[in-house]
Structures are given as structure tokens and as C-alpha cells.
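Close look at the chain arrangement
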Amino acid sequence: MKTRRKLIAVAAAVLLCLPVGLTNDNTAVVHAQTVQEKINNASKEKQEALDKIKAAEAEKEDVVAESEALDREIDIVQTEIYEIDSIIDEADAEIKAKEEEIAKHEQNIEKRNDEFKEVLRSMDETSASSYLELLLSSESFSEFLAHVETINEITRHDTAVIDEMVSLKNSVEAAKAVVETKKSEQEEARGIASEKENTLQTKLDEKEKLTEELEQDIENYKKVYEKARKEEEDLKASLVPKLSKTTDTVKYTGGKFCWPAPSYVRISSPYGYRLHPIYKTQKFHSGVDLAAPGGSNILAAADGTVKMAGWNGGYGNCVVVDHGGGTSTLYGHSSKLLVSAGQKVTKGQVIAKVGTTGNSTGNHLHFEVLINGKTTDPMPYIS
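Residues numbered from 1 in each chain as written. Predicted model: local features only at pLDDT ≥ 70, side-chain atom pairs only at ≥ 80, totals over all residues. Heavy atoms only, no water.

1. Let's talk about the sheet that holds strand S10 (residues 350-353)
We apply this condition: When DSSP finds two or more bridges between two strands, those strands count as paired. Helical segments are the DSSP runs of H or I of at least four residues, strand segments are the runs of E of at least two, and each set is numbered from the N terminus.
Read across the sheet, three strands follow the order S4-S10-S8 without closing on themselves; strand pairing throughout is antiparallel. Each edge of the open sheet carries a strand with a single partner, namely strand S4 (297-299) and strand S8 (336-337).

So this is what it looks like as C-alpha cells:
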């Protein structure tokens, strides 16, 4: 029976990855170490998600700026196209007027040409006998010549009028050709501008699509961050009660804690919901911030046992002290740790130096009070 129990104990130890014969206290410590590793992993995942959020937001800002620049370029091109269209419309109106003027000249030419042909026909039909009759009817040869010159003058006048109208028609047609050339140039310019507008619009569409993709990425990274943050907080909450069971010899009987950052006497960020300085959203602040100078002392708030001293994700370099009775304190963002896990500390003892490690925007001490693993407002303890 004893052998069987021993085998069961060995099997259980192997499954738990624990050495045979560990005491309950040692088992609790190993459990705490395992939980701490999970906390570190969750914190690392949270930090990676935060880095990705920042990178995606920075890229999104660049893409939005590029989109705005493309919008401005499109506005300029559309203005150019509007102006070109106005010039083309004016050219169309001018061409139409020239065509009407040409048609009018053609009608006049045709009319005068018919009249001129009639005169020539009459002259051609006039025989020598007709000229003889004109001569005989004239009182003198001079009068006859005068009659002939009159006929010739009429013929020359008609010819001149026709020539003038032909000249006017040709000049109008030349002016029309100039306008048509101008219109053709404007249409070519419009084609180039339209092609440029289409190219810019395609680029803008791509930028807008990329912006939407980045926004979706940011939302996904935020979900990963939130999941890791919750996992980290839950693991921390489960860690403190486990650790407090190992130090029942240190009983916290209540009363005031000492001020943990003696070089700074004001609260720079209180306990509760606030606008997060990094994420710019409303977040629950699980402790109080004391913006003490970098390198200044951090004191143990009360007697206790150090249960954690090391890197703790967003807390950076962090110390957790168990004061017994389910009460613990946490000191985050330290630049230097002066104690180690398992070490006994006394109230007012220097345990670390103020810094800005982890998720921090400047030198300060993040101080938490935890009751059975859950945060509570530290002010009643340190005021």
C-alpha cells in the first residue's frame, strides 16, 4: 500500500513538473513562479500588441496625410478641367458664330455671282448689230463710248464686290481654323488633366482602402491587448492570495502605511478611472502615481515579505510585498530593485529606486494596495 502511494505521489509530481517531497509552502512558491511566468507572457503579448497599435496608428497618420495631399491635388486638377471646359465652350460658341458668318458670305457670293453671270450673259448675247444700234442711237461716238464704259463699269463693280466677299469668306474661314486649333489644344489638355485626375483618384482610393485596413488592424490589436491585459490582471489577482498563505507568520493588523515615496508628497494620478496618458482612452487606474524624481527612494509601506521582485510587464521593474492577512502592496516602474523574493522587509525600508520602466511616460512610483488579490484605493492606508 505504501509503495502504491509513493508511486502515485511520483506520478503526480511528474505531471505537475514538481520534485517529489516538496512541502505545501514550496508548492505554493512554485505555483506562484508559474503564474508569474504566465503574467510575464501576457504582459509581453500586451506590450507587443501595444507596439503594433502605435505602429499602425503612426502609419495611418501618414496615409491620412497622403490622402489629404491627394485630395488637394484632385481639387487643383478639377479646377483646371473646369477652366479648360469653359475655354472649350467659348471656342464652340465662337466656331458656331464663324460658321454662321461664312454661310452668310456664301449666300451673298452666290447671289451676286448669279447677278454677275446674268450681266455677262447679256453682254455675250449683245451682238455687233446691237452695238451698231447703240452707236446709231447715240448722238455722238463719245456718247456711245460712254454707254459702253457704263456697262463695263457695272461689270467691274460686280466683279469687285464678288472678290471682296470671297476675301471676307476666306478670312472668316481662317479665323475659324485658328479657333478650331485652339479648341483642339484645349481638348488635348483636358484629356491629359482627366487622365491625371483618374490616376490621383486611383491612388486616393488605394490610400482610403489602406486606411480602412489599418483601422481594422488597430481594432484587432486592441482586442489582443485587452485580452492580454485582462489575463494579466486576473493572474495577478490569483497570485496574491496564493502568496499570502505562505506568510501567515506575518500578520498585518491594519493601521496607516508609511508614505512610500518620501521625496514627493502629492498624488499625480489618483486611483480609479482616468484618461490613460499612453492609450488616450478611459482606463481604470489600479493604484496611485507619485511623480517622484528618478533615482529617489521607494520605501516599504509596512513590514512584510517580498514575494516578487523583477520585471512585471507594464509595471516594469516591480516589487510586491506581502504584509499578511491577505494584504499586499505593489511598487511599479522602478529604475533599480534593492530587494529579492523571500526577503523580509520592515516599514520604511528602502526597497527600490524611482524610475520610468514599463508603460510609463516619466519618472514616478505606481503604488497599489491589494486585499486578497484585488486592488483598493490606497489613500485610506497612506493618507
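2. With respect to the packing of aromatic side chains
What counts, and what does not: Centres within 6.5 Å make a pair out of two Phe, Tyr or Trp rings, where for Trp the six-membered ring is used; the pair is then stacked when the planes are under 30 degrees apart, edge-to-face when over 60, and tilted otherwise. Three exposure classes are used, based on accessible area relative to the maximum for each residue type with a 1.4 Å probe and protein chains only: buried under 20%, partly exposed in between, and exposed over 50%.
In total, this model carries two aromatic pairs according to the counting rule given. Geometrically, the ring pair formed by Tyr-331 and Phe-367 is tilted, given 5.3 Å between the ring centres and 55° between the ring planes. Remark: Phe-367 occurs in strand S11 (residues 365-371) and Tyr-331 occurs in strand S7 (residues 327-334); sequence separation between them is 36 residues. Looking at Phe-367, the relative accessible area reads 0%, which means it is buried.

3. Regarding the side chain of Gln-186
Let me state the cut-off plainly: It only takes one pair of heavy atoms within 4.5 Å for two residues to be counted as in contact.
Among the secondary structure elements, Gln-186 is positioned in helix H4 (residues 141-244). Judged by its relative accessible area of 17%, Gln-186 falls in the buried class. Non-local contacts of Gln-186, meaning those with residues more than four positions away in its chain, are made with Ile-84, Ile-87 and Ile-88.

4. Digging into the pattern of salt bridges
What counts is decided by this rule: Only one rule defines a salt bridge in this text: a Lys or Arg side-chain nitrogen within 4 Å of an Asp or Glu carboxyl oxygen.
All chains considered together, the criterion is met by five salt bridges. Across the pair Glu-215 and Lys-60 runs a salt bridge, and its minimum N-O distance is 3.2 Å. Pair noted here: Glu-215 is in helix H4 and Lys-60 is in helix H2 (residues 24-125), with a separation of 155 residues, a long-range link. Under the relative-accessibility criterion, Glu-215 is labelled partly exposed at 34%. Taking relative accessible area as the criterion, Lys-60 reaches 24% and is therefore assigned partly exposed. With a shortest N-O distance of 2.4 Å, Arg-190 and Asp-85 are connected by a salt bridge. Placement of Arg-190 in helix H4 and of Asp-85 in helix H2 is noted, with a sequence separation of 105 residues between them. Since its relative accessible area comes to 29%, Arg-190 is described here as partly exposed.

5. Overview of the confidence of the model for the protein chain
Stated formally: pLDDT is defined as a per-residue confidence score from the predictor, taking values between 0 and 100.
Of all residues in the protein chain, 71% have pLDDT values of 70 or greater, and the mean over the chain is 77. Low pLDDT (under 50) marks residues 1-25, which in the prediction has nine contacts with non-local residues, meaning those over four places away or in another chain. Low confidence marks residues 241-254, where pLDDT is under 50. Its contacts with residues over four positions away, or in another chain, come to 31 contacts.

6. As for the nonpolar core
Counted only if it meets this: We call a set of buried residues a nonpolar core when its members are Ala, Val, Leu, Ile, Met, Phe, Trp, Tyr or Cys and they connect through side-chain atoms within 4.5 Å of each other.
In terms of nonpolar packing, the biggest core is built from 23 residues, with Tyr-331, Ile-351 and Phe-367 touching the most fellow members. Mapped onto this core, the elements with two or more residues apiece are strand S3 (288-290), strand S6 (317-322), S10 and S11. With three residues, S11 is the single largest residue contributor to this core. Here Ile-351 is in contact with Ile-298, Leu-299, Ala-300, Val-319, Val-321, Tyr-331, Leu-337, Leu-338, Val-339 and Val-345, once residues within four sequence places are set aside. Grouped together as the second largest cluster of nonpolar side chains are eight residues, Ala-49, Ile-53, Ala-56 and Tyr-225 included.

7. Brief notes about the environment of Ala-193
Its place among the elements puts Ala-193 in helix H4. Along the sequence, Ala-193 and Gln-78 sit 115 residues apart, while their C-alpha atoms lie 8.0 Å from each other. Sequence-distant contacts of Ala-193, that is, excluding residues within four places in its chain, are made with Val-77 and Ile-81.

8. Focus: the pairing of strand S5 (residues 304-311)
A large share of S5 lies buried, amounting to six of its eight residues. Taken together, the two bridges between S5 and strand S9 (residues 344-345) define a ladder with antiparallel strand orientation. Among the inter-strand pairings, Thr-305 is bridged to a residue of S9, identified as Lys-344. Examined bridge by bridge, S5 and S6 share six bridges and lie antiparallel to one another. Bridge pairing in S6 links Ala-309 to Val-319. Remark: five residues form the turn of the hairpin made by S5 and S6, two consecutive strands paired antiparallel; Gly-313 in that turn has positive phi of roughly 55°.

9. Regarding the environment of Glu-164
Assignment of secondary structure puts Glu-164 in helix H4. Among the residues examined, Glu-164 registers a relative accessible area of 51% and is labelled exposed. Along the primary structure Glu-164 and Ile-109 are separated by 55 residues, whereas in three dimensions their C-alpha atoms are 9.3 Å apart.

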